[in-house]
Amino acid sequence: MVKVYVPIDSTALSLGAERTAKAIVAEAQARGIDIQLIRNGSRGLFWLEPLVEVELAEGRVAFGPVQPKDVASLFDANFINALSDSAKGHPLYLGLTEELAWLKTQQRLTFTRVGITDPVSLEDYLAHDGYKGLKNALALSGADIVKAVTDSGLRGRGGAAFPTGIKWNTVLNAPAEQKYVVCNADEGDSGTYSDRMIMEDDPFVLIEGMTIAGIAVGATQGYIYLRSEYPHALKTLNEAIRRANIAGYLGENIQGSGKTFHLEVRRAAGAYVCGEETSLLESLEGKRGLVRFKPPLPAIEGLFGKPTIVNNVISLATVPIILDKGAQYYADYGMGRSRGTLPIQLAGNLKQTGLVELAFGATLRELLYDYGGGSASGKPIRAVQVGGPLGAYLPESQFDTPLDYEEFGKIWAVLGHGGIVAFDETADMAKMARYAFEFCAIESCGKCTPCRIGSTRGVEVMDKIVAGKNHPQNVQLLRDLSDTMLNGSLCALGGMTPYPVLSALNHFPEDFGLSNKEAAA
Amino acid sequence: MDHLLSQEQQTLIKAHIQAHQHVPGGLMPLLHAIQDDIGYVPEIIYPDISKALALSVAEVHGVVSFYHHFRTHPIGKHVLQICRAESCQAMGSEKLETELKSRLGVDYHQTTQDGKVTLLPVYCLGNCGCSPAVMLNDEVYGRMNSEKVSELIAEVCHG
Ligand SMILES: NC(=O)c1ccc[n+]([C@@H]2O[C@H](COP(=O)([O-])OP(=O)(O)OC[C@H]3O[C@@H](n4cnc5c(N)ncnc54)[C@H](O)[C@@H]3O)[C@@H](O)[C@H]2O)c1
Ligand SMILES: Cc1cc2nc3c(=O)[nH]c(=O)nc-3n(C[C@H](O)[C@H](O)[C@H](O)COP(=O)(O)O)c2cc1C
Ligand code: SF4
Ligand code: FES
Ligand code: FES
């Protein structure tokens with residue numbers, strides 16, 4: 001029986017994959033053709049979703065984007081025999097999936113299985129190198145697991161880029177009867193969806209990574225703090241956790257090792273600030289998400305006051321391949337101090353959006369034009385925001401910056417969680433600066449004044465600037481206010497809102513009604 | 001205005017409270033369970049929650065009001081969330097939002113006159129590869145415009 005794949009990833013569903021799948025099943029039945037429908041994750045080529053694949057001995061053959069109305073013609077072209085001349089002649093025929101240049105040129109390490117397997121099939125996971133990392137980890141001491149993570153050079157993919165191994169080491173060395181592993185799955189940044197894709201499309205890799213983390217530092221309980229906007233991820237994670245428990249990959253005496261790790265998903269409730277790790281911990285404890293003062297670090301006093309690893313989804317999901325293939329294998333990718341790969345998410349006004357996992361070092365321009373295919377509107381790309389709502393806006397003159405934490409730092413920008421949002425020439429950057437303040441005002445936890453009051457003042461000042469009132473004074477006020485927020489905020493919500501604001505002002509002064517000379521003053 | 005709870009709702013709520021009483025950090029999952037079933041978190045049950053979880057009523061109120069997701073009043077039968085974040089803005093979400101507000105005759109946080117649709121803003125649905133995005137109940141939709149959303153509403157909410 002021929003296997004036909006139709007993705008179950010949210011983005012594919014958002015473009016009608018469910019109907020496509022139903023139409024394929026119905027059409028096959030009507031024609032008396034036996035097929036086996038498999039719901040896989042997304043390969044991450046969103047302009048081709050719903051991307052349908054047919055499995056042949058030669059490999060998987062792709063067709064897309066397939067809408068229900070295309071299904072009859074696909075059967076007419078005998079697409080089940082996917083490399084036949086008639087199938088190749090179909091306008092939606094794309095060829096062997098693995099040969100698509102967009103995929104072939106990527107270095108998929110963290111996303112190695114995404115789009116290939118049935119997300120909740122443990123058999124599939126095992127057949128594609130799943131749980132090899134855990135197997136190796138179970139033969140190592142906690143300190144040696146931590147050493148492997150440190151040696152790999154992996155840095156926090158949530159955005160702050162702190163070395164994961166060093167964080168784990170702090171937790172390992174903190175004496176306590178109870179420790180925790182918390183996965184930060186609050187993915188609030190606009191332009192990012194890699195966490196969601198891992199959770200929906202390869203949930204076992206996250207479960208495996210968390211289990212390894214627990215075993216490394218001696219934590220027996222894990223929580224995934226999942227944003228409430230991801231109902232599909234919730235279902236998939238819970239199902240995968242259930243199956244991992246049954247198969248002895250979670251719970252007590254994991255694979256006969258005598259080690260214990262319990263895992264539970266907790267739903268967030270729509271507060272962006274709860275992605276900040278201490279706010280997240282407050283929320284997990286059942287409280288309002290007020291940011292805590294650091295120190296103490298969560299690694300020392302985290303959840304319920306106990307030593308806690310807090311890591312982003314991608315950081316944790318990268319651990320299995322490091323333990324499987326070795327620290328050096330991972331560290332061999334990348335540039336400078338940014339080792340390994342970054343799952344980059346192309347978003348906004350681009351022709352070809354989707355998930356591109358590459359070793360650090362590719363330039364923004366390659367991503368925007370080679371992968372992104374330029375703007376969706378056909379108009380020139382004017383500005384690009386990298387790293388979410390707290391990231392800087394970059395003008396064309398900075399598009400040759402390589403994706404590397406330090407290189408971005410040099411131009412007063414951030415890589416963050418790897419989201420790239422493109423805007424075409426119709427974007428009004430003063431409006432975007434105003435929005436940055438507005439967002440900060442809506443999401444501020446209210447604990448410190450620069451953020452709570454500053455963001456609201458920021459909106460007011462921007463309104464005056466846009467209205468053209470007392471220009472020089474108000475621009476000066478905008479800079480002073482940004483300075484106060486940068487230096488006086490307790491967390492990065494208030495502390496980084498000036499990034500989008502000042503970068504917009506400095507790179508696009510004309511949108512603020514200023515000449516370049518005035519802006520520089 | 002206070003909304004009276006049906007016998008069935010009271011039983012559900014009581015069961016949820018019992019189930020979460022001894023869960024570490026159980027307040028958030030409890031509030032989710034209640035809102036999933038009842039559609040909102042009724043203020044009249046704060047005293048019951050506070051007693052069972054050993055919190056003050058003020059603490060319960062503080063938590064419910066901190067999170068955008070929780071609401072204390074019933075809303076429309078269906079919830080339409082429009083993404084207002086950057087990626088969707090880059091693809092025209094502002095136009096979508098203006099048109100939908102006028103088509104539905106409501107602003108954010110309001111419910112259409114027939115009680116069918118409540119409109120809410122949301123800041124990223126993780127569907128930024130297909131902006132602008134909206135969420136209708138638990139389903140996300142990408143590359144939207146107001147015609148497509150209106151068709152969706154007709155199909156899901158009036159179908
Ligand atoms: N992914 C998203 O959706 C999203 C949203 C908003 C912001 N962000 C990112 O968040 C970043 C800010 O995060 P932050 O405030 O948590 O940064 P941070 O620099 O305070 O901390 C980074 C991490 O390292 C840990 N750490 C620091 N020193 C340590 C030590 N000596 N031992 C052990 N652990 C140590 C911290 O506990 C934390 O987990 C921003 O740069 C932004 O890019 C991400
Ligand atoms: C306002 C704010 C929101 C954040 N949101 C997230 C988030 O959604 N996901 C995430 O992983 N980290 C987020 N962070 C960063 C976390 O505080 C923390 O650095 C991260 O979870 C650590 O994991 P990592 O080292 O694996 O990146 C946020 C930080 C701030 C200040
Ligand atoms: S900067 Fe804003 S969000 Fe962060 S602690 Fe201060 S008030 Fe809260
Ligand atoms: S629901 Fe009110 S701002 Fe999010
Ligand atoms: S910004 Fe709208 S879905 Fe992410």
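Keep in mind that what you see is a predicted model, and the values were worked out from it rather than measured.

(A) Quick look at the packing of aromatic side chains. All names here are of chain A. Counted by the stated rule, this structure contains 20 aromatic pairs over all chains. Judged by centre distance (5.2 Å) and plane angle (50°), the rings of F46 and Y193 are tilted. Taken together, the positions of F46 in the loop between β2 (35-38) and β3 (52-56) and Y193 in the loop between β6 (180-185) and α10 (194-201) put the pair 147 residues apart, joining distant regions of the chain. With a relative accessible area of 0%, F46 lands in the buried category. Overall, Y193 belongs to the buried group, its relative accessible area being 0%. Consider the rings of Y125 and Y131, whose centres lie 5.3 Å apart with planes at 85°: the pair is edge-to-face. By the burial criterion, Y125 is buried, and Y131 matches it. Grouped by ring-pair contacts, the aromatic residues F63, F75, F79 and Y93 constitute a single cluster.

(B) Expanded view of the pattern of salt bridges. Residue and element names in this part refer to chain A. What the rule picks out here adds up to 40 salt bridges over all chains. A salt bridge links R39 to E18, with the nearest nitrogen and oxygen atoms 3.4 Å apart. Highlighted residues: R39 in the loop between β2 and β3 and E18 in helix α2 (residues 17-30), separated in sequence by 21 residues. Judged by relative accessible area, which is 34%, E18 ranks as partly exposed. Across the pair K287 and E285 runs a salt bridge whose closest N-O atoms are separated by 2.8 Å.

(C) Up close: the sheet that holds strand β2 (residues 110-111) of chain B. All names here are of chain B. Within the open sheet, the five strands sit side by side as β2-β3-β1-β4-β5. Their pairing is mixed. Every interior strand has two partners, whereas the edge strands, β2 and β5 (139-141), have only one. Along the sheet face, helix α6 (residues 93-104) touches β1 (78-83), β3 (117-122) and β4 (134-136) and points at about 150° away from the line of β1.

About the thresholds
Residues numbered from 1 in each chain as written. Chains lettered and ligands numbered in written order. Predicted model: local features only at pLDDT ≥ 70, side-chain atom pairs only at ≥ 80, totals over all residues. Heavy atoms only, no water. Phe/Tyr/Trp six-rings, centres within 6.5 Å; stacked < 30°, edge-to-face > 60°. Helix = DSSP H or I, 4+ residues; strand = E, 2+ residues; numbered from the N terminus. Buried < 20%, exposed > 50% of the residue type's maximum accessible area, 1.4 Å probe, protein only. Salt bridge = Lys/Arg side-chain N within 4 Å of Asp/Glu carboxyl O. Pairing = 2+ DSSP bridges. Contact = heavy atoms within 4.5 Å. Axes fitted to C-alpha atoms, helices over the stretch in contact; angles between N-to-C directions.

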